[in-house]
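# Breakdown of the fold
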Amino acid sequence: AKEMGRDHYAFFTERMGSDIRARLAMQQQLRGAIGRDEFEVHYQPQMCLRTGALLGAEALLRWDNPVLGKVPPGLFIALAEEYGLITAIGEWVLESVCAQIRAWHDAGLGSVKVAVNLSGKQFAQDRTVPFVEAALRKYGIAPACLGIEITESTVMGDPDKAVAALTRLKDIGVGISLDDFGTGYSSLGYLKRFPIDVLKIDKSFVDDVTTSSSDAAIARSVISLAHNLDMRVIAEGVETRAQVDFLTEHGCDEMQGYYFSRPLAADAFTALLRERRTL
Ligand code: C2E
Ligand code: CA
Ligand code: CA
Ligand code: CA
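Residues numbered from 1 in each chain as written. Chains lettered and ligands numbered in written order. Predicted model: local features only at pLDDT ≥ 70, side-chain atom pairs only at ≥ 80, totals over all residues. Heavy atoms only, no water.

## With respect to the coordination of the calcium ion (ligand 3)
- The protein atoms donating to the calcium ion (ligand 3) are Asp179 (OD), Asp180 (OD), Glu236 (OE) and Glu236 (OE), with metal-donor distances spanning 2.2 to 2.5 Å.
- Separating the calcium ion (ligand 3) and the calcium ion (ligand 2) is a distance of 4.1 Å, and Asp179 donates to both of them. In this pair, Asp179 sits in strand β6 (residues 175-181) while Glu236 sits in strand β8 (residues 232-236), placing the two residues 57 residues apart along the sequence. A single burial state applies to Asp179 and to Glu236, both of which are buried. (Donors = N, O, S within 2.8 Å, 3.2 Å for Na, K, Ca; no water. Helix = DSSP H or I, 4+ residues; strand = E, 2+ residues; numbered from the N terminus. Buried < 20%, exposed > 50% of the residue type's maximum accessible area, 1.4 Å probe, protein only.)

## Observations concerning the site of ligand 1
- If you check the shell around ligand 1, you find 22 residues, and the closest are Gln44, Arg62, Asp179, Glu239 and Tyr258.
- Taking Tyr258, its main chain carries an N or O atom lying 2.8 Å from an oxygen atom of ligand 1.
- Every element with two or more residues in the shell around ligand 1 is listed here: β2 (54-65), α3 (73-82) and β6. (Near = heavy atom within 4 Å. Polar contact = N/O pair within 3.5 Å; in protein donor to acceptor, adjacent residues only side chain to side chain.)

## A look at the coordination of the calcium ion (ligand 2)
- Coordination of the calcium ion (ligand 2) by the protein is provided by Glu58 (OE), Asn117 (OD1), Glu149 (OE) and Asp179 (OD), with metal-donor distances spanning 2.1 to 2.3 Å.
- Donor residues binding the calcium ion (ligand 2) come from one chain and are separated in sequence as E-x58-N-x31-E-x29-D.

## Here we look at the pattern of salt bridges
- Enumeration according to the criterion identifies 15 salt bridges in this entry.
- Measuring nitrogen to oxygen at the nearest pair gives 2.8 Å for the salt bridge that ties Arg127 to Glu91. With a gap of 36 residues between them, Arg127 in the loop between α5 (120-123) and α6 (128-139) and Glu91 in helix α4 (residues 86-106) connect regions that are remote in the sequence.
- For Asp160, the salt bridge is made with Arg193, and the minimal N-O distance between the two is 2.6 Å. Residue Asp160 is located in helix α8 (residues 159-172), and its partner Arg193 is located in helix α9 (residues 187-193); the two are separated by 33 residues in the primary sequence.
- By relative accessible area, which is 41% here, Arg193 ends up partly exposed.
- One salt-bridge network, held together by shared partners, links Glu58, Glu149, Lys200 and Glu236. (Salt bridge = Lys/Arg side-chain N within 4 Å of Asp/Glu carboxyl O.)

## Concerning the pairing of strand β7 (residues 198-201)
- Side chains Val198 and Lys200 project from β7 onto one buried face, and the interleaved Leu199 and Ile201 project onto a second face that is buried too.
- Alignment of β6 against β7, held across three bridges, turns out to be parallel. Residue pairing across strands places Phe181 opposite Ile201, the latter belonging to β7.
- Note that β7 and β8 share four bridges and pair parallel. Across the sheet, residue Ile201 finds its bridge partner in β8, namely Ala235. (Pairing = 2+ DSSP bridges.)

## Considerations on helix α2 (residues 20-32)
- The end-to-end C-alpha separation of α2 is 19 Å, in line with the 18 Å expected for 13 residues at 1.5 Å each.
- Regarding α2, the residues found buried are Ala22, Met26, Gln27, Gln29 and Leu30. (Expected span 1.5 Å × (residues − 1).)

## Side note on the side chain of Gln44
- As for its placement among the helices and strands, Gln44 is situated in strand β1 (residues 39-48).
- For Gln44, a relative accessible area of 7% puts it in the buried group.
- A polar atom in the side chain of Gln44 sits 3.0 Å from the side chain of Gln256.
- Aside from chain neighbours lying at most four places away, what touches Gln44 is Gly56, Ala57, Glu58, Leu60, Gln256, Gly257, Tyr258, Ser261, Arg262, Pro263 and Leu264. (Contact = heavy atoms within 4.5 Å.)

## As for a negative patch on the surface
- A contiguous patch of negative charge, built from Asp37, Glu40, Asp64 and Asp267, is present on the exposed surface.
- Counting through the fold element by element, Asp64 comes out in strand β2. (Patch = residues over 30% accessible without salt bridge, like charges linked within 9 Å, V, L, I, M, F, W, Y side chains within 5 Å. Areas by Shrake-Rupley, 256 points an atom, 1.4 Å probe, with all protein chains shown as cover. Lys, Arg positive; Asp, Glu negative; His and termini not counted. Charge placed at Lys NZ, Arg CZ, Asp CG, Glu CD.)

This is how it looks when you write it as structure tokens:
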């Protein structure tokens, strides 16, 4: 619940788990949310630690509902998975992101790389990979502009199916990132089995990287592990200059976090692209 956001979400974080009526209300609102155009994709910059350049973004979904207010994805994504709504929502995200990549390209802002979070429920369906391919074609986007973020739990349900889907995506040029690395149970096995390009060091290790010798050791080990496996490393949840310095010094490739920017609405991210601001 710590990751879910602050103050105005307190109502949900405290009551959602047990309150069946609140869950029902949310489920009801969630069903019509795409039709009422209540979702918006925000973009959090991913920065190169070596050059300071803006490399791309992670797409993070936002839901603003007239009845419930702003509901954090940490709550509604799980509910959407439970009620069979995640495929429609996930496809809406993929489509919106592809349209946005196209719009940035057409505005002369270059080929922006965007990574989209995929739910395990989406992988369980044969339609997801064809959907991605169709969206790339529809918007005329180079597959290298699109990335997919998965977690161990995303692929745990049906690992064989997930391997097949990810291999297909990687073959066409879509990048694959393993999110929240180090927080699951069988990370090393997954690294061998899945066609992963990027490891994301979880925020929980980044938080105390400058004060805890064990977190520092874990971060350094993840960085060399990734590099030894020919993968890149992104640190997530970077909030301080000291963390940036530590990560840069130890060869981490990219960073993402409030230190540089929170997730931004498309317009604000566009402004950032125009400014060419660096880390
Ligand atoms: P995640 O994929 O691990 O995303 C990172 C979360 O950390 C985001 O929370 C982001 O806003 C937050 N964050 C980034 N930098 C910082 C920082 O410096 N400090 C702090 N305190 N937080 C930071 P958010 O946007 O609330 O998303 C939560 C989770 O919801 C995501 O975790 C992801 O698992 C899920 N999610 C979000 N959008 C989507 C989506 O389109 N599809 C799916 N399936 N899941 C999504
Ligand atoms: Ca992610
Ligand atoms: Ca993460
Ligand atoms: Ca997370």
